[in-house]
Amino acid sequence: MSQRTRTKVAAGNWKMNGKVSDLKEVTKIAHAARQRKTVFTLLCLPLTLFGRVGGAGLSVGAQDCHVSASGAHTGEISAEMIADASATHVIVGHSERRTDYLESDCLVQQKAQAVLGAGLTAIICVGENREQYEAGQALAVLQAQIEGSLPEAANSNNVIVAYEPVWAIGTGLLPTNEEIQSVHSEIREMLGRQVVDGEGISILYGGSVKGSNAAEIFSLPDVDGALVGGASLKANDFIPIIEALDAAEA
Ligand code: 13P
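Cut-offs used in this document
Residues numbered from 1 in each chain as written. Predicted model: local features only at pLDDT ≥ 70, side-chain atom pairs only at ≥ 80, totals over all residues. Heavy atoms only, no water. Phe/Tyr/Trp six-rings, centres within 6.5 Å; stacked < 30°, edge-to-face > 60°. Helix = DSSP H or I, 4+ residues; strand = E, 2+ residues; numbered from the N terminus. Buried < 20%, exposed > 50% of the residue type's maximum accessible area, 1.4 Å probe, protein only. Lys NZ or Arg CZ within 6 Å of the ring centre and 35° of its normal. Near = heavy atom within 4 Å. Polar contact = N/O pair within 3.5 Å; in protein donor to acceptor, adjacent residues only side chain to side chain. Areas by Shrake-Rupley, 256 points an atom, 1.4 Å probe, with all protein chains shown as cover. Nonpolar A, V, L, I, M, F, W, Y, C, P; charged D, E, K, R; others polar. Expected span 1.5 Å × (residues − 1). Contact = heavy atoms within 4.5 Å.

Undergrad: So what exactly am I meant to see when it comes to the packing of aromatic side chains here?
TA: Each aromatic ring pair is summarised here by two numbers: the centre-to-centre distance and the angle between the ring planes. For the structure shown, the criterion picks out 2 aromatic pairs. Here the aromatic rings of Tyr133 and Trp167 are separated by 4.4 Å at their centres, their planes lie at 35°, and the arrangement is tilted. Within this pair, whereas Tyr133 is found in helix H5 (residues 130–134), its partner Trp167 is found in the loop between strand E6 (159–163) and helix H7 (177–194), the two being separated by 34 residues in sequence. The class of Trp167 is buried, set by a relative accessible area of 9%. Cation over ring: Arg97 sits above Tyr101, and NZ or CZ is 4.2 Å from the ring centre.

Undergrad: For this particular structure, what's the right way to read the site of the ligand?
TA: Taken together, 13 residues lie around the ligand, and Lys15, His94, Gly170, Ser208 and Gly229 are the ones closest in. Between the ligand and Glu164, the relevant distance is 2.9 Å, taken from an oxygen atom to a side-chain nitrogen or oxygen of the residue. Between the ligand and the protein, one listed contact pairs an oxygen atom with a backbone N or O atom of Gly229 at 2.9 Å. Considering the ligand on its own, with 310 Å² of exposed area, one finds that the protein chains cover 94% of that surface. In terms of residue class, the shell around the ligand is built from 4 nonpolar, 7 polar and 2 charged.

Undergrad: Please clarify how helix H4 (residues 105–117) should be interpreted in this entry.
TA: The first and last C-alpha atoms of H4 sit 18 Å apart over 13 residues, in line with the 18 Å expected at 1.5 Å per residue. The inward-facing, buried residues of H4 contact helix H2 (79–84), strand E4 (89–92), helix H3 (95–100), strand E5 (121–126), helix H6 (138–149) and E6.

Rendered as structure tokens:
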């Protein structure tokens, strides 16, 4: 399947950042996103801002959810509640949750299933850590994560995969372009083997994406967009990334 038929996605992950005073950034990003029609732009915001971006006209996602639809789970939010708040996407299995909260592939799969069950799209994160990268184990790690984290009902309409090498997140370190392309191509094959129309699933790269490196990353044939942390917080940093994706050859 050519890249043209896969959705190009510029997704921001604000993590635990953002106050009401930052909504002006959302407004500016939304305005720029409307001019770049080949790109689906999404901001995964803190839940505290959900109710405040209604007029911005931008797709909004959450960064995690509980596996259950409701119940006695103090402090948690369900995919159903996220859908009720008009969000469309939920990130599951981000490496910060896998590491800090010991989330297993099995739990990530259950969360992704809950996201699909609520009628939303799951952005499922995978990625090797530095030791695994240096030991040449990246592909084996990714294969296990993909096998363990994708729900049975996954397809190219309800799942996006984000490849985020843990060692590249927030560090300014990136794999080479050859490494990114090669890993994305391998992931595409894994998805093709596991999911009926798996080769049509958009695969985003994440980890130290900036305006200055976005164009070369988006020129790689198996990169369908980016999941961006730090550089999504400010419109002046994120808009060049959206523009680079819009300009990338389909
Ligand atoms: P940075 O873009 O800050 O490296 O973060 C990437 C990330 O973790 C997005 O989910």
